[in-house]
Amino acid sequence: MKILFLYFIFYVLSALFPLPDYKLERDYSTVYLDRNNELLRISISPSGKFRVKLPLDEISKYIQKGFILYEDRYFYLHPGINPAAILRAFCLNSMHQKIISGGSTISMQIARMMEPRPRTVLSKVLEMFRAFQLEMRYAKPELLEIYLNTIPFGANIEGVGAASYFYFGKSAKDLSLAESCLLIAIPNSPNRNNPRQDPLRAKTQRDKVIGRIGPGMGLKTRILETLKKRPLPGTYFPNPFRTPHLIEANKPCWNRFFRKFTIDLNIQTYCEELLKESM
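Note that residues are indexed from 1 along each chain, following the sequence as it is written. Given that the model is predicted, a residue must reach a pLDDT of at least 70 before its local features are reported, and side-chain atom pairs must reach 80 or more before they are shown or counted; all residues, however, enter totals for whole chains, interfaces and linings. Hydrogen atoms and water are omitted, and side-chain values are computed over all heavy atoms in the structure.

### Examining the packing of helix 5 (residues 106-114) against helix 6 (residues 121-137)
Piece 1. Two numbers describe how helix 5 lies on helix 6: the axes approach to 8 Å, and their chain directions differ by 110°. The angle between the axes of helix 5 and helix 6 places the two elements in the roughly perpendicular class. The way helix 5 lies across helix 6 gives a crossing that is right-handed. Between helix 5 and helix 6, the residues in contact are Ser107, Met108, Ile110, Ala111, Arg112 and Met114 and Lys124, Glu127, Met128, Arg130, Ala131, Leu134 and Glu135, respectively.
Piece 2. Polar here means any residue outside two lists: the nonpolar Ala, Val, Leu, Ile, Met, Phe, Trp, Tyr, Cys and Pro, and the charged Asp, Glu, Lys and Arg; Gly therefore counts as polar. Class assignment of the residues belonging to the contact of helix 5 with helix 6 gives a composition of seven nonpolar, one polar and five charged. Between N-to-C directions, angles cover 0 to 180 degrees, with each direction set by a line fitted to C-alpha atoms, over the stretch in contact for helices. Only DSSP runs of H or I covering at least 4 residues are called helices, and only runs of E covering at least 2 are called strands; the numbering of each starts at the N terminus. Angle categories are assigned with fixed cut-offs, so that under 35 degrees is roughly parallel, over 145 is roughly antiparallel, 65 to 115 is roughly perpendicular, and the rest are oblique. For any helix crossing, the convention is left-handed if the near helix is rotated counterclockwise from the far helix by under a right angle, and right-handed if that rotation is clockwise. The criterion used for residue contact is that any of the two residues' heavy atoms lie within 4.5 Å.

Structural data, given as structure tokens:
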């Protein structure tokens with residue numbers, strides 16, 4: 001009876017405070033591509049972020065497994081909260097008299113990103129409530145997809161799709177293990193762990209991720225040490241702005257996350273160079 005009563009209370013509260021899932025499903029950039037899938041432009045999302053919506057099969061398996069191993073290794077087993085992780089965080093924080101660990105699951109982190117609040121006990125309770133709502137609304141793969149598409153990577157870059165381009169100039173599907181480990185390290189403190197801001201700290205945090213998730217990936221010590229020697233990216237890759245008139249003319253369709261045109265960027269570039277020479 002107590003369990004039924006708790007379910008009843010949960011559903012009443014969910015009806016009174018519905019999940020604002022529109023924040024998870026609509027706030028994305030538009031990616032403009034030519035006929036050969038060459039990038040023309042990544043637009044700003046409605047909330048001013050570079051955030052690319054990708055399905056899980058377009059995201060590196062290293063990223064998917066690595067984030068779960070590092071952030072929430074029991075992701076597929078718990079219902080939104082992990083009591084053991086919360087208890088461990090409470091003990092650590094009490095022992096050090098400051099916040100050392102949050103004990104947040106991936107679902108709780110999505111809730112925090114969806115509705116940012118100061119880190120208080122009340123905020124944690126609200127995150128747990130939203131986490132249960134998220135688990136009721138979405139399947140686990142959908143939650144992982146949402147998480148990977150919205151997690152912060154410094155400045156106004158969010159989600160592994162945008163981060164993989166701006167940090168490495170490649171798609172999220174093509175990320176190496178070392179590159180994936182850097183992206184896994186950054187969200188813990190997006191600005192401080194940014195390799196452009198503090199390369200030494202970024203490398204330290206990346207190597208920490210390599211050491212923690214390596215055994216779960218089945219990697220031997222020799223390989224882990226080799227990964228730690230990989231260089232970090234130095235600067236952001238620039239956001240191209242090719243065919244600006246075509247893109248501006250199609251801006252009313254911003255709610256489409258990908259826009260593929262029939263234009264061929266190579267032919268377009270050739271024609272532009274011819275025009276410049278004739279002027």
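Picking up where we left off.
### Details of the side chain of aspartate 264
Piece 1. You can see aspartate 264 is positioned in the loop between strand 5 (258-260) and helix 13 (265-278).
Piece 2. Among buried Asp, Glu, Lys and Arg side chains, aspartate 264 stands out as unpaired, with arginine 35 the closest opposite charge at 4.8 Å.
Piece 3. Of the polar contacts made by the side chain of aspartate 264, one reaches the side chain of asparagine 36; its length is 3.2 Å.
Piece 4. Under this definition, polar contacts are N or O atom pairs within 3.5 Å; protein pairs additionally need one hydrogen-donor-capable and one acceptor-capable atom, and for neighbouring residues in sequence, both atoms have to be side-chain atoms. Within the local environment of aspartate 264, its side chain forms a polar contact with the backbone nitrogen of asparagine 266, the two atoms lying 2.9 Å apart.
Piece 5. Beyond its immediate stretch of four places on either side in the chain, aspartate 264 contacts Asp34, Arg35 and Asn36. Residue burial is assigned from relative accessible area. The probe radius is 1.4 Å, only protein chains are included, and a residue is buried under 20% of its type maximum, exposed over 50%, and partly exposed in between. Charge convention: Lys and Arg are scored as positive, Asp and Glu as negative, and His as well as the terminal groups of each chain are ignored. One side-chain nitrogen of Lys or Arg within 4 Å of one carboxyl oxygen of Asp or Glu is enough to make a salt bridge.

### Observations concerning the side chain of serine 123
Piece 1. With respect to the secondary-structure elements, serine 123 resides in helix 6.
Piece 2. At a separation of 3.0 Å, a polar atom in the side chain of serine 123 contacts the side chain of threonine 120.
Piece 3. Filtering out sequence-adjacent residues up to four positions away, serine 123 remains in contact with Arg117 and Pro118.

### Some thoughts on the pattern of salt bridges
Piece 1. Considering all chains together, one arrives at 15 salt bridges under this definition.
Piece 2. Among the ionic pairs, arginine 117 bridges to glutamate 115, the shortest N-O distance being 3.7 Å.
Piece 3. Residue glutamate 115 is classed as buried on the basis of its relative accessible area of 15%.
Piece 4. For the salt bridge of glutamate 115 with arginine 130, the shortest nitrogen-to-oxygen distance reads 2.8 Å. Of the two residues, glutamate 115 is situated in the loop between helix 5 and helix 6 and arginine 130 in helix 6; the sequence distance between them amounts to 15 residues.
Piece 5. Salt bridges sharing partners connect three or more residues here, namely Asp27, Lys49, Arg51 and Glu158.

### What about a nonpolar patch on the surface?
Piece 1. Taken together, the side chains of Ile9, Val12, Leu13, Leu16 and Phe17 define a hydrophobic patch exposed on the protein surface, amounting to about 420 Å² of accessible area.
Piece 2. On the secondary structure map, leucine 16 appears in helix 1 (residues 2-16).
Piece 3. Take leucine 16: its relative accessible area is 57%, and that puts it in the exposed class. Like charges are joined within 9 Å and nonpolar side chains (Val, Leu, Ile, Met, Phe, Trp, Tyr) within 5 Å, but only among residues with over 30% relative accessible area and no salt bridge; these make up the patches. Note on areas: Shrake-Rupley, 1.4 Å probe, and residue coverage restricted to the protein chains presented here.

### Things to note about the packing of helix 3 (residues 61-71) against helix 9 (residues 177-185)
Piece 1. Contact pair helix 3 / helix 9: the axes reach a minimum separation of 9 Å and the direction vectors enclose 45°. Relative to helix 9, the element helix 3 lies oblique. Helix-helix and strand crossings are classified by hand; for helix 3 and helix 9 the assignment is right-handed. The residues of helix 9 that touch helix 3, namely those facing Tyr62, Ile63, Gly66, Phe67 and Tyr70, are Leu177, Ser180, Leu183 and Ile184.
Piece 2. Class assignment of the residues belonging to the contact of helix 3 with helix 9 gives a composition of seven nonpolar, two polar and no charged.

### A few points about the nonpolar core
One recurring pattern in soluble globular proteins: nonpolar side chains tend to sit buried together.
Piece 1. In this description, a nonpolar core means a group of buried Ala, Val, Leu, Ile, Met, Phe, Trp, Tyr and Cys residues linked to one another through side-chain atoms lying within 4.5 Å. Among the nonpolar cores identified, the biggest contains 54 residues, and Phe67, Leu148, Phe153 and Leu183 are the most heavily contacted of them.
Piece 2. The set of elements that each furnish at least two residues to this core consists of strand 1 (31-33), helix 3, helix 5, helix 7 (140-150), helix 8 (160-168), helix 9, helix 10 (199-213) and helix 11 (221-227).
Piece 3. Among the nonpolar cores identified, the runner-up in size contains five residues, and Tyr32, Leu40, Ile247 and Phe261 belong to it.

### Re helix 9
Piece 1. Across the nine residues of helix 9, nine count as buried, placing the element largely inside the fold.
Piece 2. Along helix 9, the residues that are buried comprise Leu177, Ala178, Glu179, Ser180, Cys181, Leu182, Leu183, Ile184 and Ala185.
Piece 3. Contact partners of the buried residues in helix 9: helix 3, helix 8, helix 10 and helix 11.

### Considering the pairing of strand 2 (residues 39-42)
Piece 1. Pairing between strands requires that DSSP locate at least two bridges from one strand to the other. Across three bridges, strand 1 lies against strand 2 in antiparallel orientation. Bridge assignment links valine 31 to a residue of strand 2, and that residue is isoleucine 42.
Piece 2. With antiparallel pairing between neighbouring strands as the criterion, strand 1 and strand 2 make up a hairpin whose turn holds five residues, including asparagine 37 at a positive phi of roughly 65°.

### As for the packing of aromatic side chains
Each aromatic ring pair is summarised here by two numbers: the centre-to-centre distance and the angle between the ring planes.
Piece 1. Side-chain rings of Phe, Tyr and Trp, where Trp is taken by its six-membered ring, are said to pair if the distance between their centres is within 6.5 Å; with planes under 30 degrees apart they count as stacked, over 60 as edge-to-face, and otherwise as tilted. For the structure shown, the criterion picks out eight aromatic pairs.
Piece 2. For the pair tyrosine 28 and phenylalanine 257, a centre-to-centre distance of 5.3 Å together with 70° between the ring planes defines the contact as edge-to-face. On the criterion of sequence distance, the pair formed by tyrosine 28 in the loop between helix 2 (22-25) and strand 1 and phenylalanine 257 in the loop between helix 12 (244-249) and strand 5 is long-range, its members being 229 residues apart.
Piece 3. Judged by centre distance (5.0 Å) and plane angle (55°), the rings of phenylalanine 50 and phenylalanine 166 are tilted. Here the residue phenylalanine 50 occupies a position in strand 3 (residues 50-51), and phenylalanine 166 occupies one in helix 8, the gap between them amounting to 116 residues. Like phenylalanine 50, the residue phenylalanine 166 is buried in the burial classification.
Piece 4. Over the ring of tyrosine 28 we find arginine 51; its NZ or CZ atom is 5.8 Å from the centre of that ring. When the NZ atom of lysine or the CZ atom of arginine is within 6 Å of a ring's centre and also within 35 degrees of its normal, the charge is said to sit over that ring.

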